[in-house]
Amino acid sequence: MGFLIMHFSANKTVCYNGQFMSGQDVPVSVFSPGLQYGQGIMEGIRVYDTVDGSYLFKAEAHLERLREGAAWMKLEIPYSNLRLMQFMERLLLHHQARE
C-alpha cells in the first residue's frame, strides 16, 4: 500500500510515500487492493491564493476526517498531521514555481 498526495494531473509532481516524483512514475501495482477492489480513502483540500501565499482551507479538519476514514478501514497513515502539511506546502510551492 502506498500513501499519495497529488495535484489532479498525472504528469505533475506528486508525493508518494514521502518521496516527490512525477505522477507517471508512481509504482502502483495492478494487484493493489485499491485498484482491484476500490479500497482507499480520499480527502480533498481546497487551496486559496492570498496576498500571503497559498492557504490550505480547513486543512486540520480535512486531515482529521482522513484519519477517521483510515481508522475505519484499518489503514495506517505513517505521517503526523504536521508532516502531511509540510508535504502539501512543498507540493504547492513546487507547482507554483512551474505555472
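Below you will find a few notes about this structure.

### Side note on the packing of aromatic side chains
Aromatic ring pairs are reported here in terms of the distance separating the ring centres and the angle at which the planes meet. For the structure shown, the criterion picks out four aromatic pairs. Ring geometry for Phe 20 versus Phe 87: centroids 6.2 Å apart, planes at 65 degrees, classification edge-to-face. Taken together, the residues span a long stretch of sequence, with Phe 20 in strand β3 (residues 19–22) and Phe 87 in helix α3 (residues 81–98) at a distance of 67 residues. For Phe 20, a relative accessible area of 23% puts it in the partly exposed group.

### Focus on the pattern of salt bridges
Two side chains bearing opposite charge may form a pair once their charged atoms approach each other closely. Summed over all chains, the structure comprises one salt bridge. Across the pair Arg 65 and Glu 43 runs a salt bridge whose closest N-O atoms are separated by 3.0 Å. Linking Arg 65 in helix α2 (residues 59–72) with Glu 43 in the loop between α1 (33–36) and β4 (47–50), this pair joins segments that are 22 residues apart in sequence. The exposure class of Glu 43 is partly exposed, given its relative accessible area of 25%.

### Thoughts on α2
For α2, which comprises 14 residues, the first-to-last C-alpha distance of 20 Å matches the rise-based estimate of 20 Å (1.5 Å per residue) to within 8%. Within the span of α2, buried status applies to Ala 59, His 62, Leu 63, Leu 66 and Ala 70. Summarising the axial view, the buried residues of α2 lie within an arc of 95 degrees, below the 170-degree limit, and thus occupy one face. The exposed set on the far side of α2, more than 90 degrees from its buried face, consists of Glu 68, Ala 71 and Trp 72.

Conventions we followed
- Residues numbered from 1 in each chain as written.
- Predicted model: local features only at pLDDT ≥ 70, side-chain atom pairs only at ≥ 80, totals over all residues.
- Heavy atoms only, no water.
- Phe/Tyr/Trp six-rings, centres within 6.5 Å; stacked < 30°, edge-to-face > 60°.
- Helix = DSSP H or I, 4+ residues; strand = E, 2+ residues; numbered from the N terminus.
- Buried < 20%, exposed > 50% of the residue type's maximum accessible area, 1.4 Å probe, protein only.
- Salt bridge = Lys/Arg side-chain N within 4 Å of Asp/Glu carboxyl O.
- Expected span 1.5 Å × (residues − 1).
- Arc of directions from axis to C-beta.

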